[in-house]
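So you can see what is in the structure, the chains are spelled out below.
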Amino acid sequence: MDLLEAIRARHSVRRYTPQPLPQEAVAALREEIEACNREYGVRLGIAVNEPTAFSGAMAHYGKFSGVRNYIILAGKPAPDLQERLGVCGARLALAAQMRGLNSCFVALTYKKRSVRKRTEEGAKTVCVLALGYGETQGVPHRSKPLSSLYRARSAPPEWFLRGMECAQLAPTAMNQQKFLFSLEGNTVTAAAKRGFYAKLDLGIAKYFFEVGAGKENFVWG
Ligand SMILES: Cc1cc2nc3c(=O)[nH]c(=O)nc-3n(C[C@H](O)[C@H](O)[C@H](O)COP(=O)(O)O)c2cc1C
């Protein structure tokens, strides 16, 4: 499975089987985590075979079951931390999907205390990414029409539309899709509207866009 196929196959999964993560998958995810920590100045971590964060009432309320593995999306507080964590989370969700694993971003419905203990000192956990073998593969989310997710002065080129189709498939908190892309020449800008975790969503959508559009076709404004 390549990145584009992973984007199409990924849907949030909240119920997991007891099958453990294979060692090779954990090693590959650790490598990706280290690359993200270096490139984006964040402090991601991974918890493997750790059931406590998703064992309480919050996880039950959020309809999660069987979550024993998760990636901690954390970093030193900064105005652009959420967006950087969004890009890293997107990379990891797709890396997991390419290895046959399912995932779900979770900002609220987990036990914060369990994760705080596992977060590096000086870093703040913004969200976690639950991981494992899903009981199902999830279902495609309802989406706003593509035309409401971007602005362009004239008919956009193919590469831009391919990018937007991927951004439309990106997960967003409460499926709010509060982002707007704009095209001018070969410059693409993307902004978050007001909303809960909208900046984290923006980082995810930008990474998905980049995969669809091809980095060689445009520059970020
Ligand atoms: C930043 C972020 C936070 C999220 N937090 C939660 C959460 O606390 N609980 C939950 O059940 N789902 C959560 N989700 C999952 C979204 O509900 C889901 O991504 C969205 O409905 C789109 O569905 P999809 O991921 O299947 O495409 C979150 C997603 C994102 C991107």
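Use the structure listed above.
These lines cover the structure that appears in this document, whether it is placed above or below. (Residues numbered from 1 in each chain as written. Predicted model: local features only at pLDDT ≥ 70, side-chain atom pairs only at ≥ 80, totals over all residues.)

1. Details of the sheet that holds strand β8 (residues 219-220)
Inference 1: In space, the four strands of this open sheet follow the order β5-β6-β7-β8, with mixed pairing throughout. One side of each edge strand has no neighbouring strand; the edge strands of this open sheet are β5 (150-152) and β8.
Inference 2: Across the sheet, helix α7 (residues 198-213) is in contact with β6 (179-184) and β7 (187-192); its angle to β7 comes to roughly 155°. (Pairing = 2+ DSSP bridges. Helix = DSSP H or I, 4+ residues; strand = E, 2+ residues; numbered from the N terminus. Contact = placed C-beta atoms within 7 Å. Axes fitted to C-alpha atoms, helices over the stretch in contact; angles between N-to-C directions.)

2. Quick word on the pairing of β7
Inference 1: Only one face of β7 is buried, namely the one carrying Val188, Ala190 and Ala192, since none of Thr187, Thr189 and Ala191 on the opposite face is buried.
Inference 2: Here β6 runs beside β7; their pairing, made up of six bridges, is antiparallel. What sits directly across from Leu183, in β7, is Val188.
Inference 3: Where β6 folds back onto β7 in an antiparallel hairpin, the turn is made up of two residues, including Gly185, whose phi is positive at roughly 60°.
Inference 4: Note: β7 against β8, two bridges, orientation parallel. Bridge pairing links Val188 to Trp220 in β8.
Inference 5: Handedness of the crossover joining β7 and β8 through α7: right-handed. (Buried ≥ 20, exposed ≤ 12 C-beta atoms within 10 Å, placed from the backbone. Right-handed = clockwise from strand over helix to strand, strands pointing away.)

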